[in-house]
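So you can see what is in the structure, the chains are spelled out below.
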Amino acid sequence: MSSNPTILAKQETSSLLQVEHLTVDYVSIDGSVRVLEDVSISVGRGEVVGIVGESGSGKTTLGLSILGLLDTPPAKVRSGVIVLGGETDLLRLDEHQLEKLRGGYLSIVLQESVEALNPVYKVGFQLLEALEAASKREGKRFNRESAKQEVIRLLEELCVSQPNLVLDKYPHELSGGMRKRVAIAMAILQRPKLLILDEPTTGLDAYVQSRLLGLLRQLNREYGVAMLIITHDLPLAATICDRIYVMYAGRILEEGDAKGVLNSPQHPYTRALVSAIPQGFIDAPPLDVPPGDPPDLKRLPRGCKFAPRCPQKTSLCEASEPLLLESHRGSVRCWLYSDDKNT
Amino acid sequence: MTRILEVEDLKVHFKVGGFSLLAKPPPVKAVDGVSFYINEGETLGLAGETGSGKSTIAKVLVGLYKPTSGRIRFMGQEIEFDNRGHITFLRRNIGIVFQDPVSSLNPRLRVRDIIREALVAAGVDRREHDEKIAHIVPLVGLRPSSLDSYPRQLSGGEKQRVSLARALVVPKKLLILDEPTSSLDVSVQAQVLNTLRKLKSELGLSYLFITHDLNVLKYMSNRMCVMFYGKLVESGPTKSVINHPKHPYTQELVANLLRKGESSSVVIREHQPSFEGCIYKRICPYVMSECSQTHPPLYQVAEEHSVACYLSKAGVPAH
Ligand SMILES: Nc1ncnc2c1ncn2[C@@H]1O[C@H](COP(=O)(O)OP(=O)(O)OP(=O)(O)O)[C@@H](O)[C@H]1O
Ligand SMILES: Nc1ncnc2c1ncn2[C@@H]1O[C@H](COP(=O)(O)OP(=O)(O)OP(=O)(O)O)[C@@H](O)[C@H]1O
Ligand SMILES: [Mg+2]
Ligand SMILES: [Mg+2]
């Protein structure tokens, strides 16, 4: 498959993170599947960026590759560069150098929060350990008692009731939502400059969600922490992010200012992402499901990957894949907008 | 209407703090005196704070945790949790989609065999396996090629759809769905919700649907319960509860539902339970002196609609 450079890399000097033309395959004995195709994203200093999209579209793979956490094999980075702070190409670092970066510069809240926690140690021990490492890096003295207070304050901030008791528990003794918040606390305690959160709000009730968003906003404003928030919840992304990328079948279909993407989405897929939100009570009619099957990465159509399900497709869409082009608002990969390019 | 499940005054308390002899903390009252029922062919929605005991109730119902006290009646049978036969009876007739799909899928099996296990357990003829698997997979929005993958080769949302397929390939009388669509984008979620509603009406299934997403709960449930810190604070027909929420906690949830998507300026308040008097006392904007005494019993405010709040004592609407 041809892979033209699609987004013209905007050379923003203020960029903290720049992923360019990243293409990733998963290789196994059953063959190879391309899960990211020529993906370019950037996160500016102090910027909050959202990645939303279809389940299985490659969001987690993208997040993991930024931290060098992809298992290779089965993953294979075919091409691309990941530039952090304008100089380091993360894809060329060895494990030791990456480990150092992951400590101080970057931290991630994994989608499966179970994986962030070691099942055999109590939660408190693990959180304190993270904080101790952070203090060491910053050359600060580490005082166990005041560290414990800091951990407790952070958990309270995240609405964990009786944090003292929670510290004394093993991960399996926590409810789903508590485990998630402990994983979030763990990432925050590492005091990163760029925080990647993969589905940070799944399993949290509306109150805790809004509280978490408040805390993230505060981290962003007061400490300038930049964030990459991966979520399938577009309205939620729009409340916290400055800018949003929409993914489908390993590609970016749309990019733009958060409010704009939510309120006046350009790509038909982005529109489908808003219109299928359940409305009404049990007697309401069935929900609108885009026709056709979710894309099969092993058998993707030749043209636009969304075309088989798109209500507005034309023969052009089936014949060739549109590029991700700048439009009057952000960028979009859709033939419907291809004329905008010249205006 | 016949009740397929009745739960009465269920308590599940966990010991914490393990081995220290001094200053043993009190047990965690994960579920503390909860009663509800599910009618045959009905969906009961269960919402509530994180950590309020929803998954614990689910695990009791499939025999993974033993209740500290309380009574459970399922399909007319009083369940004794020390009786192996009763536990088998529960598991044979109650299916579950766990909140955490990862740890519930055997990492050594391909997806096809994970789903097949449910068919084997239900004694379905081998010759029907492939057809049944091929039938359910698109209904939960999974692509057929995922059948040959191992769980670790799937995304979070794909794993969630595998647990759904496993639970739905041989539908049981009662299905517990613990946050079944939490990792799905809305279009896949729509597919799954449509399928669940269709199977329910075609096969007369009953669901216990646990979710934080009130839009989903509203769309899926006939009746609903709201929990806060181990207690049931409100229950009733979903329309009645959503349109006329009486408990201050439910009111907050419903208000959040309406606000979602707006760039909200977040209201920050303490969300700590109170261990004396009403569990909601420390948060409640309407506290009265009565609230300091005991946790309120359930007061009926409309048909089938009851609320654990002194404000509703005389059927007086809280506002
Ligand atoms: N180890 C692997 N081997 C083969 N394919 C894989 C592997 N891991 C993931 N995939 C596939 O890559 C695609 C992208 O997965 P990824 O986890 O990045 O999706 P996602 O966008 O995070 O989805 P979700 O919203 O469901 O979490 C999926 O189709 C998945 O099946
Ligand atoms: N095995 C266990 N040992 C000790 N405590 C437990 C155990 N399982 C659950 N708990 C505690 O019981 C309480 C209720 O947990 P539960 O998982 O039922 O909550 P939930 O309502 O499902 O929450 P969420 O919405 O976050 O999934 C929590 O305080 C939790 O820490
Ligand atoms: Mg993911
Ligand atoms: Mg739970």
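Residues numbered from 1 in each chain as written. Chains lettered and ligands numbered in written order. Predicted model: local features only at pLDDT ≥ 70, side-chain atom pairs only at ≥ 80, totals over all residues. Heavy atoms only, no water.

Here the focus is the coordination of the magnesium ion (ligand 3). All names here are of chain A. Binding of the magnesium ion (ligand 3) to the protein goes through Thr60 (OG1) and Gln111 (OE1), at separations of 1.9 to 2.2 Å. Here glutamine 111 lies in the loop between strand E6 (106–109) and helix H3 (123–137) and threonine 60 lies in helix H1 (residues 59–66), a separation of 51 residues in the sequence. Under the relative-accessibility criterion, threonine 60 is labelled partly exposed at 25%. (Donors = N, O, S within 2.8 Å, 3.2 Å for Na, K, Ca; no water. Helix = DSSP H or I, 4+ residues; strand = E, 2+ residues; numbered from the N terminus. Buried < 20%, exposed > 50% of the residue type's maximum accessible area, 1.4 Å probe, protein only.)

Looking now at the sheet that holds strand E2 (residues 28–39) of chain B. For sheets, the rule is that strands pair by backbone hydrogen bonds, running either parallel or antiparallel. All names here are of chain B. Strand order in the open sheet made by the 4 strands is E2-E1-E4-E5, with antiparallel pairing throughout. Two strands lie at the open edges of the sheet, namely E2 and strand E5 (77–78), each paired on one side alone. Two strands pair when backbone bridges link them, and strand E1 (residues 3–14) and E2 are joined in this way by 9 bridges, in the antiparallel orientation. If you follow phenylalanine 14 over to E2, its bridge partner there is valine 28. (Pairing = 2+ DSSP bridges.)

Let's shift gears to unusual backbone geometry. Residues and elements named next belong to chain A. Omega for the peptide link from threonine 72 to proline 73 comes to -10°, which places this bond in the cis form. Turning to its location among the elements, proline 73 is positioned in the loop between H1 and strand E4 (75–84). Even without being glycine, histidine 21 reaches a positive phi, approximately 50°. In this structure, histidine 21 sits in strand E1 (residues 15–28). In this structure, arginine 191 takes a positive phi of about 45° despite not being glycine. Mapping arginine 191 onto the fold places it in the loop between helix H6 (176–189) and strand E7 (194–198). On the basis of relative accessible area, arginine 191 is assigned to the partly exposed category, the value being 29%.

Below, the discussion takes up the site of ligand 1. Around ligand 1, the structure places 21 residues, and the nearest of them are A:Ser55, A:Thr60, A:Thr61, B:Ser155 and B:Glu158. Residues near ligand 1 are shared among chains A and B, making this a multi-chain site. At 3.1 Å, a backbone N or O of B:Gln153 approaches a nitrogen atom of ligand 1. In this structure, B:Ser155 approaches ligand 1 through a side-chain N or O atom, which is 2.6 Å from an oxygen atom. Protein contact buries 92% of the 640 Å² of open area that ligand 1 shows by itself. If you map ligand 1 onto the pockets, it falls in the second largest pocket. Of all the secondary structure elements, the ones that give two or more residues to the shell around ligand 1 are H1 of chain A together with helix H5 (156–169) of chain B. (Near = heavy atom within 4 Å. Polar contact = N/O pair within 3.5 Å; in protein donor to acceptor, adjacent residues only side chain to side chain. Areas by Shrake-Rupley, 256 points an atom, 1.4 Å probe, with all protein chains shown as cover. 1 Å grid on protein atoms, 1.4 Å probe; cavity = no way out; pocket = protein on both sides within 12 Å on 5 of 7 lines; lining within 4 Å. Sits in = over half its atoms within 2 Å of the grid points.)

It is worth spelling out the sheet that holds strand E12 (residues 331–332) of chain A at this point. All names here are of chain A. Strand order in the open sheet formed by 8 strands is E6-E7-E8-E3-E9-E10-E12-E11, with mixed pairing between adjacent strands. The sheet terminates laterally at E6 and strand E11 (325–326), the two strands that pair on one side only. For E7 and strand E8 (residues 226–231), the ladder comprises 5 bridges, and the chain directions are parallel. Looking at E8, one finds that leucine 197 is bridged to isoleucine 229.

Below, the discussion takes up the packing of aromatic side chains. Tallied over the full model, the rule gives 11 aromatic pairs over all chains. For the ring pair A:Tyr248 and A:Tyr269, a centre distance of 4.6 Å and an interplane angle of 55° mean the geometry is tilted. Here A:Tyr248 is found in strand E9 (residues 243–248), whereas its partner A:Tyr269 is found in helix H10 (residues 268–275), with 21 residues between them in sequence. Taking the centre distance of 5.8 Å and the plane angle of 70° together, the rings of B:Tyr229 and B:Phe275 count as edge-to-face. Of this pair, B:Tyr229 sits in the loop between strand E9 (223–228) and strand E10 (231–237) while B:Phe275 sits in the loop between helix H9 (248–259) and strand E11 (299–302); the two residues are 46 residues apart in sequence, bridging distant segments of the chain. A network of ring pairs unites the aromatic residues A:Tyr248, A:Tyr269 and A:Phe306 as a single cluster. (Phe/Tyr/Trp six-rings, centres within 6.5 Å; stacked < 30°, edge-to-face > 60°.)

Residues and elements named next belong to chain B. Ser55 (OG) and Gln99 (OE1) make up the full set of protein donors to the magnesium ion (ligand 4), lying at 1.9 to 2.2 Å. Placement of the pair is serine 55 in helix H1 (residues 54–61) and glutamine 99 in the loop between strand E6 (94–97) and helix H3 (111–121), with a sequence separation of 44 residues. In this pair, the class of serine 55 matches that of glutamine 99, namely buried.

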